[in-house]
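# Observations on chain architecture
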Amino acid sequence: MISNRQYPDAANRFSALSQFKTRSNYGTGRISSIFEIDTLNSLGTEIEYTGEVSKGSSSSQTELTKQGFLINSIGNYRQNDDYNTVATTANYLHKFDNNGSVLKLIVDYTNKESTGKNNYYIVQKISEQAKDSTYRSNSDATYNIVSADASGKKVLRKGMSLNAGVRYTYTYMDDHSLYEDLTADRQWIVKPSYGYALKYKEHIMGAYAAFSAEAGRWSLIAGLWGGNIRKLRMKATASTGTISTYSRT
């Protein structure tokens, strides 16, 4: 994609040209299976993978002339991003009778990882003096989610049943970025104040029980639910900083 803007007048002139190009590759796959042990017991599993790779480049050039004073700026950017997600599920089903009384066990696991590598190069020229600003950033994010669910249903008689279950969910997140600045002597230095880091854990536990009954046009549902949420923020730092520039001839 190319865009061009121009705003000339008698004493001042501004023009800008930008180009952007990106390419993405995406793929996904899934495998599932069900195994019946006997008439009362069965197992099921499923795994799914999703991956995406994105590469992009962009450039910009601006020129400002104000009363004979010229300011020129050129920027080049490169971005590479990767995303990978794996999700798995396993479940077990046991039938107690032919009336609908069952026991269910389900375990889910999801892992998502993303990385980003970006490079930036900017040159600003004012009259005969030029200044460079070159930096790069690397970001990584990892998410892990695990959940386990056990539930049961007991049919006491026709139209009357008891349901109960417990559930646990664990969430972990690690998200951070690193910025590096290129100095005038061509050395990469880390800019800690410009990046960020966040690590986070969460535990959620819950249990429920419910009684239901039906008689003619009447229906009754009564239940209890209780839960506990525990959050632990391990580390968090914010980003506040500047990227240095250096003059060249």
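Residues numbered from 1 in each chain as written. Predicted model: local features only at pLDDT ≥ 70, side-chain atom pairs only at ≥ 80, totals over all residues. Heavy atoms only, no water.

### Here's the deal with the overall build of the protein
Helix and strand counts for the protein come out as zero helices and eleven strands. Helices (α) and strands (β) of the protein occur, in sequence order from the N terminus, as β-β-β-β-β-β-β-β-β-β-β. Residue burial in the protein is summarised as follows: out of 249 residues, 23% are buried. A sequence separation of at least 24 residues applies to 63% of the contacts in the protein between residues at least 6 apart. Carbon and sulfur atoms make up 55% of the accessible area of the protein, which totals about 17,100 Å². (Helix = DSSP H or I, 4+ residues; strand = E, 2+ residues; numbered from the N terminus. Buried < 20%, exposed > 50% of the residue type's maximum accessible area, 1.4 Å probe, protein only. Contact = heavy atoms within 4.5 Å. Areas by Shrake-Rupley, 256 points an atom, 1.4 Å probe, with all protein chains shown as cover.)

### Section: the confidence of the model for the protein
Of all residues in the protein, 86% attain a pLDDT of 70 or more, and the chain-wide mean is 84. Confidence, read as mean pLDDT per element, is least for strand β11 (residues 246-248) in the protein (41) and greatest for strand β7 (residues 160-182) (91). Here residues 239-249 is modelled with pLDDT under 50, and outside its nearest four sequence neighbours on either side it reaches 33 contacts, counting other chains as well. (pLDDT = per-residue confidence, 0-100.)

### Quick word on the environment of threonine 134
Residue position: threonine 134 is located in strand β6 (residues 129-157). According to the relative accessible area criterion, threonine 134 is buried, its value standing at 10%. Threonine 134 sits eleven residues away from valine 123 along the chain, and the two C-alpha atoms are 8.6 Å apart. Leave out the neighbours within four places in its chain, and threonine 134 touches Tyr120, Tyr121, Asp181, Leu182 and Trp188.

### Digging into the environment of asparagine 98
Within the secondary structure layout, asparagine 98 lies in the loop between β4 (69-95) and β5 (102-126). Asparagine 98 sits 57 residues away from valine 155 along the chain, and the two C-alpha atoms are 9.8 Å apart.

### Some words on a nonpolar patch on the surface
Together, Phe35, Ile37 and Leu43 make up an exposed nonpolar region whose accessible area comes to about 290 Å². The exposure class assigned to isoleucine 37 is partly exposed, which follows from its relative accessible area of 45%. (Patch = residues over 30% accessible without salt bridge, like charges linked within 9 Å, V, L, I, M, F, W, Y side chains within 5 Å. Salt bridge = Lys/Arg side-chain N within 4 Å of Asp/Glu carboxyl O.)

### As for the pattern of salt bridges
Side chains bearing opposite charge may pair, as long as their charged atoms lie close to each other. In the structure shown here, the tally under the stated rule is four salt bridges. As a salt-bridge pair, aspartate 97 and lysine 154 come within 4.0 Å of each other at their nearest N and O atoms. Separated by 57 residues along the polypeptide, aspartate 97 in the loop between β4 and β5 and lysine 154 in strand β6 bring together distant segments of the chain. Note on lysine 154: relative accessible area 42%, which makes it partly exposed.

### Topic: the side chain of threonine 169
Inspection of the secondary structure puts threonine 169 in strand β7. Overall, threonine 169 belongs to the buried group, its relative accessible area being 17%.

### Some words on the packing of aromatic side chains
Two aromatic rings are characterised by how far apart their centres lie and by the angle between their planes. Within the structure shown, the criterion is met by three aromatic pairs. On the basis of an interplanar angle of 70° and a centroid distance of 5.8 Å, the ring pair of tyrosine 77 and tyrosine 120 is categorised as edge-to-face. Here tyrosine 77 is found in strand β4, whereas its partner tyrosine 120 is found in strand β5, with 43 residues between them in sequence. Three or more aromatic residues joined by ring pairs make a cluster, and in this case those are Tyr77, Tyr120 and Tyr135. (Phe/Tyr/Trp six-rings, centres within 6.5 Å; stacked < 30°, edge-to-face > 60°.)

### Comments concerning the side chain of asparagine 41
Inspection of the secondary structure puts asparagine 41 in strand β3 (residues 41-66). Only 2.4 Å separates the side chain of asparagine 41 from the side chain of tyrosine 92, close enough to count as a polar contact. When residues no more than four places from it in sequence are discounted, the contact partners of asparagine 41 are Glu36, Tyr92, Leu93 and His94. (Polar contact = N/O pair within 3.5 Å; in protein donor to acceptor, adjacent residues only side chain to side chain.)

### Observations concerning a positive patch on the surface
A surface patch of like charges, here positive, comprises Lys21, Arg23, Lys55 and Arg78. Of note, lysine 55 is situated in strand β3. For lysine 55, a relative accessible area of 45% corresponds to the partly exposed category. (Lys, Arg positive; Asp, Glu negative; His and termini not counted. Charge placed at Lys NZ, Arg CZ, Asp CG, Glu CD.)

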